[in-house]
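# Working through the structure, step by step
Spelled out from the first residue to the last, the chains are:
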Amino acid sequence: RYTMDGSIPTRTSREYLAPIVLATTTVVRVRSYVPGELPSPVLTRTYFIDEAFDLPVFSISTDPDNLWDDQIGIYVDGTNGVIADDSVLPKNSNQSWERPAHIEFYESDDTPAFSQQMGLSIYGAFSRHFPQKSLSLIARGKYGDDAIRHRLFLDKGNDRYKSFILRNGGNDWLTSMIDDPLMQTLVEGAMDVDVQDYRPAVLFLNGRYWGVHNIREKLNRHYAASNYGVDPDEIDIVEGDGLAKAGDAVHYRSTIDYLETHDLSRHEAYERVGQLLDVVEYMNVQIALIYYGPSDNFFKNVKSWRPRTAAGRWRWFLYDTDHGFYNFRTNAVKLATDPQAENRFGDISWGTLILRKLLENHSFKDDFIQRFAAHINYTFAVDRVVSVVDS
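Quick look at the structure, then. This is a predicted model, so every value here is computed, not measured. (Residues numbered from 1 in each chain as written. Predicted model: local features only at pLDDT ≥ 70, side-chain atom pairs only at ≥ 80, totals over all residues. Heavy atoms only, no water.)

## Re the sheet that holds strand S14 (residues 303-307)
Here we have 5 strands laid out as an open sheet, ordered S9-S15-S14-S12-S13, and mixed in their pairing. Two strands in the sheet have a free side with no partner beyond their single neighbour: strand S9 (194-195) and strand S13 (243-246). In the packing of helix H6 (residues 279-292) onto the sheet, contacts are made with S9 and strand S15 (315-318), and the angle to S15 comes to roughly 25 degrees. (Pairing = 2+ DSSP bridges. Helix = DSSP H or I, 4+ residues; strand = E, 2+ residues; numbered from the N terminus. Contact = heavy atoms within 4.5 Å. Axes fitted to C-alpha atoms, helices over the stretch in contact; angles between N-to-C directions.)

## Comments concerning empty space enclosed by the protein
Tallied over the full model, the rule gives 1 cavity of 30 Å³ or more. Size it by volume and the largest cavity reaches roughly 70 Å³. If you trace the largest cavity, you find it lined by Tyr-161, Lys-162, Ser-163, Glu-217, Lys-218, Asn-220, His-222, Tyr-223, Ser-226 and Asn-227. With 4 residues, helix H3 (residues 221-228) is the largest single contributor of residues to the lining of the largest cavity. Looking at the lining of the largest cavity residue by residue, the class counts come to 2 nonpolar, 5 polar and 3 charged. (1 Å grid on protein atoms, 1.4 Å probe; cavity = no way out; pocket = protein on both sides within 12 Å on 5 of 7 lines; lining within 4 Å. Points joined across faces, edges and corners; volume = space filled by probe spheres on them. Nonpolar A, V, L, I, M, F, W, Y, C, P; charged D, E, K, R; others polar.)

## Regarding unusual backbone geometry
You will see that Asp-110, though not glycine, has its phi angle at about 75 degrees, which is positive. One can find Asp-110 in the loop between strand S5 (99-106) and strand S6 (112-123). Its relative accessible area of 59% is what places Asp-110 among the exposed residues. Phi is positive for Asp-320, close to 50 degrees, though the residue is something other than glycine. Within the element layout of this structure, Asp-320 appears in the loop between S15 and helix H8 (332-336). (Buried < 20%, exposed > 50% of the residue type's maximum accessible area, 1.4 Å probe, protein only.)

## Observations regarding the packing of aromatic side chains
Counted according to the given criterion, the structure contains 27 aromatic pairs. With a centroid separation of 5.4 Å and an interplanar angle of 85 degrees, the aromatic rings of Tyr-252 and Trp-314 are classed as edge-to-face. With Tyr-252 in helix H4 (residues 250-261) and Trp-314 in the loop between S14 and S15, the pair connects residues that are 62 residues apart, well separated along the chain. By the burial criterion, Tyr-252 is buried, and Trp-314 matches it. Judged by centre distance (5.9 Å) and plane angle (90 degrees), the ring pair of Phe-368 and Phe-372 falls under edge-to-face. With Phe-368 and Phe-372 both in helix H10 (residues 362-377), this residue pair falls 4 residues apart, about one helical turn. Within the aromatic cluster, the residues linked to one another by ring pairs are Phe-48, Phe-53, Tyr-106, Phe-204 and Tyr-209. One Lys or Arg, Lys-303, reaches over the ring of Tyr-319 and ends 5.3 Å from the middle of that ring. (Phe/Tyr/Trp six-rings, centres within 6.5 Å; stacked < 30°, edge-to-face > 60°. Lys NZ or Arg CZ within 6 Å of the ring centre and 35° of its normal.)

## Digging into the side chain of Asn-301
Within the secondary structure, Asn-301 sits in the loop between helix H7 (296-299) and S14. There is a polar contact of 3.3 Å between the side chain of Asn-301 and the backbone oxygen of Asp-320. With near-sequence residues (within four places) excluded, Asn-301 lies in contact with Asp-296, Tyr-319 and Asp-320. (Polar contact = N/O pair within 3.5 Å; in protein donor to acceptor, adjacent residues only side chain to side chain.)

## Some points on H10
The terminal C-alpha atoms of H10, which comprises 16 residues, lie 23 Å apart, in line with the 22 Å expected from a rise of 1.5 Å per residue. All of the buried residues in H10 are Phe-364, Phe-368, Phe-372 and His-375. Buried residues along H10 cover an arc of 70 degrees about the axis, so they all sit on one side. Exposed side chains of H10 directed beyond 90 degrees from the buried face belong to His-362, Ser-363, Gln-370 and Asn-377. For H10, the secondary structure elements touched by its buried residues are helix H5 (267-276), H6 and helix H9 (350-358). The N-capping residue of H10, defined by a side-chain oxygen 3.0 Å from the backbone nitrogen of Ser-363, is Asn-361. (Expected span 1.5 Å × (residues − 1). Arc of directions from axis to C-beta.)

## Thoughts on the environment of Glu-98
Relative to the helices and strands, Glu-98 resides in the loop between helix H1 (64-68) and S5. On a C-alpha basis, the gap between Glu-98 and Gly-119 in space is 5.9 Å, while along the polypeptide they are 21 residues apart. Those residues in contact with Glu-98 that sit more than four places away from it in its chain are Gly-119, Leu-120, Ser-121, Ile-138, Arg-140, Lys-142 and Tyr-143. Among the polar contacts made by the side chain of Glu-98, one reaches the side chain of Arg-140 at a distance of 2.9 Å. Within the structure, the side chain of Glu-98 is placed 2.7 Å from the side chain of Tyr-143, a separation counted as a polar contact.

## Describing the pairing of strand S12 (residues 235-239)
Of all 5 residues in S12, 4 are buried; the element is thus mostly enclosed. Where S12 lies against S14, 5 bridges are found, and the strand directions are antiparallel. If you follow Glu-239 over to S14, its bridge partner there is Lys-303. The sheet contact formed by S12 and S13 spans 3 bridges and is antiparallel. Across the sheet, Glu-239 pairs through a bridge with Leu-243, a residue of S13. Linking S12 to S13, which pair antiparallel, is a turn of 3 residues; within it Gly-240 sits at a positive phi near 55 degrees.

Just geometry here; none of it tells us what the structure is for.
Encoded structure:
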């Protein structure tokens, strides 16, 4: 039995009796049924007809209802949604639903890289409202293999991933779709900063061309495992003002409490802070954000992590910088150090606290200025930035 709409074949699906003639790109899913025996595994293959791409290609196949049904579809406004992320009306696409899907990945030379069942969900915040949405894919044992065994990013040696994102460009979807990858590529290898690696790829959904998406690492507990060899079950991750996303926020809160209650102009206090957070890495992240100027990243798109060890220090992710290079008239240094920072959500001075406190220390301040000047003259030199944009 076979299907050509992405759904899993059942005993009532079309029976294979003669060669299947394909005129356009199609996903064919097949399954054998023998009376008195369990059905065979489902085999899935995408046949690309008259397609030619220089980019790698993903083909995602799933029951069409998983995407488009009013009640259970994850890709539609639907009739079973919730209000979230600036939406006025409830939308299915705001739900945190995960649906089973088959993922095929072909490298840019057409070589098949992997083909396996995974979990599929909508990813992102405001960008969920765009017609082309970001997708999160995760390998789980209940679907089959519990990992993706392939080098998704050619400049990294890692060939085992638990999850990744096919990103629509976030808030940059309406313009270039390269803002965030550009800003992360500029600092990758030039600064000690945790960034999401990037590759552009073409996507097909159930055989239908679905445009270019960016392959991105997912900033979760598996990121630390992939990039630092840290046990993914022994990590703290916090978002914003201390919301625990993995582990807990106990160490983070104690770190913030120490900053708030100590004079960092004193050498002993500054030395102690250096044991709680990675001062140089935090400095680098702030330099990059001030140069790019995305206000969201001082108060909203803030995420940090640490290994749950006695010596584990906080590090910060650079991510979701889609609003960077947006308003060159903004004094980003003033914004990043404003003790009375506010936005439509109220008091957001927590977002400037760490940098304000560190700047109390003359050694940090001198290093910050010298490091910023060096990056302006090298990492962010005009010729270098333009060449990366062109690439």
